[in-house]
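Chains, contacts and geometry: an overview
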4 protein chains.
Amino acid sequence: MIAQYPPMGWNSWDCYGAAVNETQVMQNADYMAKHLKKYGWEYVVVDIEWFQPTASSHEYEPFSQLTMDAYGRLTPAVNRFPSAAGGKGFGPLADYVHGLGLKFGIHIMRGLPRMAAHRRLPVLNSEFTCADAANPNSICQWNPDMYGLKCDQPAAKAYYDSIFALYASWGVDFVKCDDIAREYPHCAREIELISEACRGCGREIVLSLSPGPAPLEQAEHLKQYANMWRITDDFWDEWRLLRAMFERAEKWCVHAGPGHWPDADMLPVGPLRQDYDGNDRTKFTRAEQRTMMTLWCMMRSPLMIGGEMTKFDTFTLSLLTNEKLLAIEKESFCAHPVWMKEDASAWVAPRRDGTGVYAAVFNLSDDERTVTLPLSDLEMSDTVRAQSIWTDENAEKHGCLSARLSPHDAAAWLIANE
Amino acid sequence: MIAQYPPMGWNSWDCYGAAVNETQVMQNADYMAKHLKKYGWEYVVVDIEWFQPTASSHEYEPFSQLTMDAYGRLTPAVNRFPSAAGGKGFGPLADYVHGLGLKFGIHIMRGLPRMAAHRRLPVLNSEFTCADAANPNSICQWNPDMYGLKCDQPAAKAYYDSIFALYASWGVDFVKCDDIAREYPHCAREIELISEACRGCGREIVLSLSPGPAPLEQAEHLKQYANMWRITDDFWDEWRLLRAMFERAEKWCVHAGPGHWPDADMLPVGPLRQDYDGNDRTKFTRAEQRTMMTLWCMMRSPLMIGGEMTKFDTFTLSLLTNEKLLAIEKESFCAHPVWMKEDASAWVAPRRDGTGVYAAVFNLSDDERTVTLPLSDLEMSDTVRAQSIWTDENAEKHGCLSARLSPHDAAAWLIANE
Amino acid sequence: MIAQYPPMGWNSWDCYGAAVNETQVMQNADYMAKHLKKYGWEYVVVDIEWFQPTASSHEYEPFSQLTMDAYGRLTPAVNRFPSAAGGKGFGPLADYVHGLGLKFGIHIMRGLPRMAAHRRLPVLNSEFTCADAANPNSICQWNPDMYGLKCDQPAAKAYYDSIFALYASWGVDFVKCDDIAREYPHCAREIELISEACRGCGREIVLSLSPGPAPLEQAEHLKQYANMWRITDDFWDEWRLLRAMFERAEKWCVHAGPGHWPDADMLPVGPLRQDYDGNDRTKFTRAEQRTMMTLWCMMRSPLMIGGEMTKFDTFTLSLLTNEKLLAIEKESFCAHPVWMKEDASAWVAPRRDGTGVYAAVFNLSDDERTVTLPLSDLEMSDTVRAQSIWTDENAEKHGCLSARLSPHDAAAWLIANE
Amino acid sequence: MIAQYPPMGWNSWDCYGAAVNETQVMQNADYMAKHLKKYGWEYVVVDIEWFQPTASSHEYEPFSQLTMDAYGRLTPAVNRFPSAAGGKGFGPLADYVHGLGLKFGIHIMRGLPRMAAHRRLPVLNSEFTCADAANPNSICQWNPDMYGLKCDQPAAKAYYDSIFALYASWGVDFVKCDDIAREYPHCAREIELISEACRGCGREIVLSLSPGPAPLEQAEHLKQYANMWRITDDFWDEWRLLRAMFERAEKWCVHAGPGHWPDADMLPVGPLRQDYDGNDRTKFTRAEQRTMMTLWCMMRSPLMIGGEMTKFDTFTLSLLTNEKLLAIEKESFCAHPVWMKEDASAWVAPRRDGTGVYAAVFNLSDDERTVTLPLSDLEMSDTVRAQSIWTDENAEKHGCLSARLSPHDAAAWLIANE
């Protein structure tokens, strides 16, 4: 099964924006293989604009000369990804990542390049041109590259099939498709076409949809056609965004399951935004990073690291290699909030094997405070044995779980069933 | 803890509307004591208009002469509840029900009688009159009896305290407060006042709020101040209403927990609507009744029987005494839908003791069909042992749970953890 | 024709609120007869709560003992209106006003007194009681006295006929019906019933509907059933309210015509709010008062004086006796704004006899400034003769009309057709 | 003054769609000069897609090769407009039209050609390219040719100035700018830029904005920056569209004035839609055509003929040459509806010279009926002299104006002031 558990990996956006290059990808892949792979991290994903030779920041350059093949399929800009020379595309880079025991992913935009439509390039293995497939009225509101497709036309299916055939030939394991997840209802059919092309391409490829917020009422459509989908707009290292994720998580948690995972977006940890000054690091406090990791794991969100890994400090690495925490992603199910107060929240998630229950508490206030979760709220007996997720404690608890927490911090426990 | 598990009982509305009398209540209590008590059923609730001497149907009569004491507190109409004579109120009837080992409940409307305001009756143990407490602009849209209260006035608190003191003196165990649960935001403070009066009256009384739909975004307020609250408008024996409950259940399931239960409303089973012709029985098919009971139990809704119990047939009694099913209400937690398709749905709910997981499937289509739930959707191993809830089967299942189901029917299993 | 021109008169609300008494009404009527009648002012209207013995301010007292006859028809509180003693109602006061050569009006609320419904009083000349006519769910949001009627019931028609028969017997010439003009759509039928009772009562009575804003899309319904209707919520002596009237006037001006006049509400001039300290006078500057009068006349709004007339100063009297201005109300038609800018506006209104055109300019800014209206905007020739409405000037104008205006001031001219 | 009166002319859209050619334009100009000019008709307007060589119907062809000059300015397709050869643009055709004593107009889309942006063509007399001026996210929803401009960039101003300089050099008298009038608020600034370029180009050019509905709340902005603007979506020969114009006209009539005219769109009379079968004629009945012409003239809408004039029948020509009717456009002002009923409506408009008043009645029902307008509704004396607009009658009228009308027909009169 594809994406049986929430996918874990790294994505180039938070650190490099539209400008990542091959060396950076390889260095991060090396780091992941050496330091993170054994904890379950596996995907290395090249984000947006790998086909734009002059991309240099998080901004998009309109009317730029995108690299593409004779069939209007975007190819890596060779000045940024030298191994793509000679028409090899991402094949060599994917090989490199695979050689490390990892998996390789790319970002795409729905649709086809505007220039391919204006040039009327042919669609591979079809009688159509890109002008037949492109919908001149369907554009992205924030990126200037593409036209969406006329999804009721066979030319559209032919084009999507042609690009996934290319990705499969390169060895791609993960596709993050953008400008689509919040574009219901008019993109519903486009999601279906992309999903069918992905599943029919002959290679197992995780399909991830962006950006959010995907509409909650489309949960079943998303579960059917995608492996993960964004539940918010871009998430960055700001407390108000992290705070807001609790409401999203509450609404989406019932839809997490094998093969279909609501996605709370990348983890902005470590060095970020390298196009700005090269010294930018996450603005999240350590407490906030614990809260983020705890919430993401309790709700079983995919985990995609956003920062430049090779410059991680000890804390950041420890955050991402907490085995007790990461086990929640793979061993729990049926998570949901116990309560959500102005200043605090609690979550619960049973282990699937019946041996215990995960519980977490969050200090949502701006002050240090004690957050208490009565065991009766969990319908548990008055005495339990609880192993702390973020500390070494393993102790009997009477009446409640309780933690003294820094502002925005979290605590979590695994409570054994008797 | 009050309402540690979802309350189970009987309510007079579906069968008798506004017109139920003492004999009918006693006969149903007798039946419950004899046939249902041992399965967990315990509350006997007198619904709306017990203070209206001429009530004769499900309709409300405007400007009628409600019976009340000198403090503007409504009292049972003696012609309908003879044991209330001499100012004894519901005390004797509550005693009778308690004597059967059951619990006694009543319905109230928020506010105070309009006539008590116009007559400026005094509020007990206060310097205020009912005219001070009543808000002349706050009326119910569907019932003509009451004015809501000016909740920022001490007179309002005094009035609510006075009525709960009376109910406690009668021995009331359950109060269903009406015209309030869907009246957010303007009734938020009124809910708090009523809740505080209830909890401060010296007797353990379950507080139930009606009618729905209570607003989902008020879930935490409801959890804090009420023991159960309606999530829909009145539920009756129509498939479209039962079908619609699946969407409600999906949204509310994460909010069920000890002391606070989203309420899918009464079970319209057996003889109903006795004011119409006396021969009216539920229009639900047996399949639909199984679906209703299965969904209510999986989502842990309170269970309040709506029909005239003394005339139950064998099927109806069997429906309400399925011990394997009713165990879900008390033994499970963290339920949620696995998926919700146009024609079918599946739910899952772990047992709290870790010994197993409940799973249910529903045929939402109008045709007989086989509904299949892959074990992989539950993240289970490929072979499990499953005990059927609605049949005697107890068997190994390979790959999936599957059932051939009549239109609108349900199947459920308890799957053992290894 | 009733209300052939926009009605002009005085109303007790702005000065006395709910508490006006007979002496005050008579003194104001005396003043009008002596100082204003010859300029066209004629209606003397007693506003809300004349049936409430303890009314003492602009506030309403809930659950008070309203004076009414045996048929649930409200009658003047004799302590406030002594001439009403002996069941004479407003007959003697109307006679007094008529004796001065003026007309007499009263305020009513839609519906019938709540107490008349709870007491089940009979409806005159019918088989019904007030309980049959009253709709227990139809109440005013800001006044506690009445229930609206069940307009599909013959009892409702019988009640409205009974009250207009009473008003006709008293000699009432003007009825301002409240809680109705902005209550579309549910009050559409109630407006029709009241209008039919008014027109069928045997006496010519102007029907005025309050409060606003009446919905613009109901203009034709209002034109058919009422003689005037409020286009805003209560208007008071605040510049922001006067400023906002320009937008309302623009939308409603096309609906002014004989028998049906959009009403910009009372003129808060002179002494106001006598229940507060007795020394309160309009907060409008003289400039603002000129602007108000000019706009009201250009749009042909009814003119109802709000202040205590007997204490008018010279300016206020002069404001209300500008014959050149008041002629616009009777002699113009087809008015509309020429333009509406952030800081200034211009209006035009032809005379019906073809002899000239009225034009007005308004300084909407907070600074003194010159406002210029090019004659080409009026499609006029480059030289015209213009008589100033607010000054004695009568001069040739070349190219434009122009005025140096204080903040919020207005100028107006009558331009002769050649 | 530009557009002192509502512009009158012919536009190629209703008949030829996107495919009109030079011969057709010249033939229609010839006809107008010979038959219509003396009645005030003067503009000959070439509608959309004159720069598209393969246009052949009312449809738009995406990704087509638009003809443009080296500065990204669209030029006439020479295969359709042979006189444009040699870079002469519309100069020769404009000369031809001017030679007939008429004026020449063209249609444009806001923005610049998408291909000009992708090719990064220079903007004339500037340091910018079309890529600097184009906004890649601003596209038309129904036409695939253009990108809107980045109106806060000097490149945008430079581009608009460059195209109006070209139009002025050609001798254009009228520009209908499309994809803009209903695109508030985001197109407000684009309207201003276009208006400034138009007014600054050194030639008097009427600026007309399409498509509607322009938002009513932008009336003052439109009055300031445009000479006419559409108040509905495309108007065609369907009764429901004509019926709906009455509501639009009521709201917009107060905004008509010299230089700024709310536009009810083209008159679909005579032969239409020549791309379909060449035999298509207006579906409007003669009665409906009279109603259309009467309403357009009473509200002073611009009049742009939509049909192929050279094939007009006698009725159509008579419709467009009714001098008494067309005089309303030039001689009236301050028009507005008298009333608007389900089945009938009446309008009034004074003559500016004070000599009379125009009145019109409309039968909006599907049946023949008599429509009566009481003279009291016009505040006129009981006897008037009325000259009929659509017949030869000139008679005294007593009490009312009245006409027996076919379904959807109209009558109108000029009533003399005494």
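Everything numeric in this text was worked out from a predicted model, so none of it was measured. (Residues numbered from 1 in each chain as written. Chains lettered and ligands numbered in written order. Predicted model: local features only at pLDDT ≥ 70, side-chain atom pairs only at ≥ 80, totals over all residues. Heavy atoms only, no water.)

**Considerations on the sheet that holds strand β13 (residues 344-350) of chain D**
What links the strands of a sheet is backbone hydrogen bonding, and the strands pair in either a parallel or an antiparallel sense. All names here are of chain D. Spatially, 6 strands are ordered β12-β13-β14-β19-β16-β17 in an open sheet, and the strand pairing comes out antiparallel. Since the sheet does not close on itself, it has two edges, and those belong to β12 (336-340) and β17 (394-398), each with one partner. Direction aside, neighbouring strands of the sheet carry axes that sit 30° apart on average. One ladder, built from 7 bridges, connects β13 with strand β14 (residues 356-363); its direction is antiparallel. Residue pairing in the sheet places Ala346 in a bridge with Val361 of β14. Packed on one face of the sheet, helix α9 (residues 239-252) meets β12, β13 and β14 and runs near 125° to β12. Along the sheet, helix α10 (residues 286-298) contacts β13, β14 and β19 (410-416); its crossing angle with β14, the most-contacted strand, is approximately 140°. (Pairing = 2+ DSSP bridges. Helix = DSSP H or I, 4+ residues; strand = E, 2+ residues; numbered from the N terminus. Axes fitted to C-alpha atoms, helices over the stretch in contact; angles between N-to-C directions. Contact = heavy atoms within 4.5 Å.)

**Considering the interface of chain A and chain D**
How big an interface is tends to be reported as the loss of accessible area on association of its parts. Taken together, the contacts link 22 residues of chain A with 23 residues of chain D. Summing the contributions of chain A and of chain D, the shared interface buries around 1,800 Å²; its carbon and sulfur component is 56%. Looking only at chain A, the three residues that lose the most surface to chain D are Phe63, His118 and Asn137 of chain A, adding up to 42% of its buried area. Between the two partners, chain A and chain D, sit 2 salt bridges. A salt bridge links Glu61 of chain A to Arg120 of chain D, with the shortest nitrogen-to-oxygen separation between them at 4.0 Å. There are 10 residue pairs in polar contact (both at pLDDT 80 or more) connecting chain A and chain D. Contributions of two or more residues to the side of chain A that touches chain D are made by α4 (114-118) and β5 (134-139) of chain A. (Buried area = accessible area lost by both parts, 1.4 Å probe. Salt bridge = Lys/Arg side-chain N within 4 Å of Asp/Glu carboxyl O. Polar contact = N/O pair within 3.5 Å; in protein donor to acceptor, adjacent residues only side chain to side chain.)

**Remarks on helix α7 (residues 188-199) of chain C**
The first and last C-alpha atoms of α7 of chain C sit 17 Å apart over 12 residues, in line with the 16 Å expected at 1.5 Å per residue. Along its buried surface, α7 of chain C packs onto β6 (146-149), α6 (154-170), β7 (174-178), β8 (206-209) and α8 (219-225) of chain C. (Expected span 1.5 Å × (residues − 1).)

**Let's talk about the relation of the copies chain A and chain D**
Mapping chain A onto chain D leaves a residual RMSD of 0.0 Å; the transformation is a rotation of 180° accompanied by 0.0 Å of translation along its axis. Expressed as an axis order, the relation between the two copies is that of a two-fold axis. Most of the interface of chain A is mirrored in chain D: 100% of its interface residues are interface residues there too. (Least-squares fit on C-alpha atoms with pLDDT ≥ 70 in both.)

**What about the environment of Asp152 of chain C?**
All names here are of chain C. With respect to the helices, strands and loops of the structure, Asp152 is situated in the loop between β6 and α6. What makes Asp152 exposed here is its relative accessible area of 66%. Spatially, the C-alpha atoms of Asp152 and Pro215 are 23 Å apart, while their sequence positions differ by 63 residues. (Buried < 20%, exposed > 50% of the residue type's maximum accessible area, 1.4 Å probe, protein only.)

**Remarks on the sheet that holds strand β12 (residues 336-340) of chain B**
All names here are of chain B. Across the sheet, which stays open at both edges, the 6 strands sit in the order β12-β13-β14-β19-β16-β17 with antiparallel pairing between neighbours. Each having just a single partner strand, β12 and β17 (394-398) make up the two edges of the open sheet. Here the average twist between neighbouring strands, direction ignored, is 30°. Relative to strand β19 (residues 410-416), strand β14 (residues 356-363) runs antiparallel, the two sharing 7 bridges. The residue of β19 that forms the bridge with Ala359 is Trp413. Contacting β12, β13 (344-350) and β14, helix α9 (residues 239-252) runs over the sheet at an angle of about 125° to β12. Most of the contacts of helix α10 (residues 286-298) go to β14, to which it runs at about 145°, and overall it touches β13, β14 and β19.

**A closer look at the pairing of β12 of chain B**
Residues and elements named next belong to chain B. With respect to burial, β12 is a largely interior element, 5 of its 5 residues being buried. Across 4 bridges, the pairing between β12 and β13 is antiparallel. Of the residues in β13, the one forming a bridge with Pro337 is Trp347. With antiparallel pairing between neighbouring strands as the criterion, β12 and β13 make up a hairpin whose turn holds 3 residues.

**Thoughts on the side chain of Ser388 of chain C**
Residue and element names in this part refer to chain C. Mapping Ser388 onto the fold places it in strand β16 (residues 383-388). When its relative accessible area of 6% is taken as the criterion, Ser388 is described as buried. Polar contacts involving the side chain of Ser388 include one to the side chain of Thr391, which spans 2.7 Å. Filtering out sequence-adjacent residues up to four positions away, Ser388 remains in contact with Lys324, Glu393, Ala412 and Trp413.

**Digging into the environment of Phe164 of chain D**
Residue and element names in this part refer to chain D. In this structure, Phe164 sits in helix α6 (residues 154-170). You can call Phe164 buried: its relative accessible area is 0%. Distance from Phe164 to Val175, taken between C-alpha atoms, is 9.4 Å for residues 11 residues apart in sequence.

**Focus: the interface of chain B and chain A**
Counting residues at the interface gives 31 residues for chain B and 31 residues for chain A. Contact between chain B and chain A buries roughly 2,400 Å² in total, counting both sides, with carbon and sulfur atoms accounting for 55%. By the criterion of area lost to chain A, the three top residues of chain B are Val254, Cys334 and Glu379 of chain B, representing 26% of everything that side buries. Counting the contacts that link chain B with chain A gives 4 salt bridges. Residue Glu379 of chain B pairs with Arg352 of chain A through a salt bridge whose shortest N-O separation is 3.3 Å. The interface formed by chain B and chain A holds 12 residue pairs in polar contact (both at pLDDT 80 or more) in total. For the side of chain B that touches chain A, the secondary-structure elements that each account for two or more residues are α8 (219-225), β12 and β13 of chain B. No other element matches the 5 residues that β12 of chain B contributes to the side of chain B that touches chain A.

**A few points about the pairing of strand β1 (residues 8-11) of chain C**
Residues and elements named next belong to chain C. Where burial is concerned, the two faces of β1 agree: the one with Met8 and Trp10 and the one with Gly9 and Asn11 are both buried. As defined by bridge partners, β1 adjoins strand β11 (residues 303-305) across 3 bridges and the pair is classed as parallel. What sits directly across from Met8, in β11, is Leu303. As paired strands, β1 and strand β2 (residues 43-46) are joined by 3 bridges and run parallel to one another. Among the inter-strand pairings, Gly9 is bridged to a residue of β2, identified as Tyr43.

**Some details on the pattern of salt bridges**
Going through the model one piece at a time under the given rule, you end up with 104 salt bridges over all chains. Salt-bridge contacts for Asp47 of chain A lead to Lys176 of chain A; the nearest nitrogen and oxygen are separated by 2.8 Å. Here the residue Asp47 of chain A occupies a position in the loop between β2 (43-46) and α3 (91-99), and Lys176 of chain A occupies one in strand β7 (residues 174-178), the gap between them amounting to 129 residues. Of the charged contacts, one joins Arg404 of chain C and Glu368 of chain C as a salt bridge, the two residues approaching to 2.9 Å between their closest N and O atoms. Of this pair, Arg404 of chain C sits in strand β18 (residues 400-405) while Glu368 of chain C sits in the loop between β14 (356-363) and β15 (369-374), and the two are 36 residues apart along the sequence.

**Quick look at the domain arrangement of chain A**
Residue and element names in this part refer to chain A. Along its sequence, chain A is organised into domain 1 (8-331) and domain 2 (336-417). Relative placement of domain 1 and domain 2: their C-alpha centres are 33 Å apart. Between domain 1 and domain 2, the contact holds 25 residues from the first and 30 residues from the second. Surface buried jointly by domain 1 and domain 2 totals about 2,300 Å² across both partners, of which 64% is contributed by carbon and sulfur atoms. Sorting the residues of domain 1 by area buried against domain 2 places Met298, Lys324 and Glu331 first, and these three jointly supply 29% of that buried surface. Between the two partners, domain 1 and domain 2, sit 2 salt bridges. Here Asp409 makes a salt bridge to Arg290, at a shortest N to O gap of 2.9 Å. On the surface where domain 1 and domain 2 come into contact, there are 13 residue pairs in polar contact (both at pLDDT 80 or more). (Domains from an automatic or database assignment.)

**Considering the relation of the copies chain B and chain A**
Expressed as a screw transformation, the operator carrying chain B onto chain A has a rotation angle of 180° and an axial translation of 0.0 Å, and the superposed copies differ by an RMSD of 0.0 Å. An overlap of 100% is found between the interface residues of chain B and their copies at the interface of chain A, pointing to a shared contact surface.

**Remarks on helix α7 (residues 188-199) of chain B**
Residues and elements named next belong to chain B. Of all the 12 residues making up α7, 9 are buried; the element is thus mostly covered by neighbouring parts of the structure. Residues of α7 that are buried: Ala188, Glu190, Ile191, Glu192, Leu193, Ile194, Ser195, Ala197 and Cys198. Packed against the buried residues of α7 are β6 (146-149), α6 (154-170), β7 (174-178), β8 (206-209) and α8.

**Here we look at unusual backbone geometry**
Of note, the bond from Tyr184 of chain D into Pro185 of chain D is cis; its omega dihedral lies within 30 degrees of zero at -5°. Mapping Pro185 of chain D onto the fold places it in the loop between β7 (174-178) and α7 (188-199). In this model, Gly212 of chain D is joined to Pro213 of chain D through a cis peptide bond whose omega is 0°. For Pro213 of chain D, the position within the fold is in the loop between β8 (206-209) and α8 (219-225). Of note, His408 of chain A is a non-glycine position whose phi angle comes to about 70°, a positive value. Classification of His408 of chain A by relative accessible area gives buried; the value is 8%.

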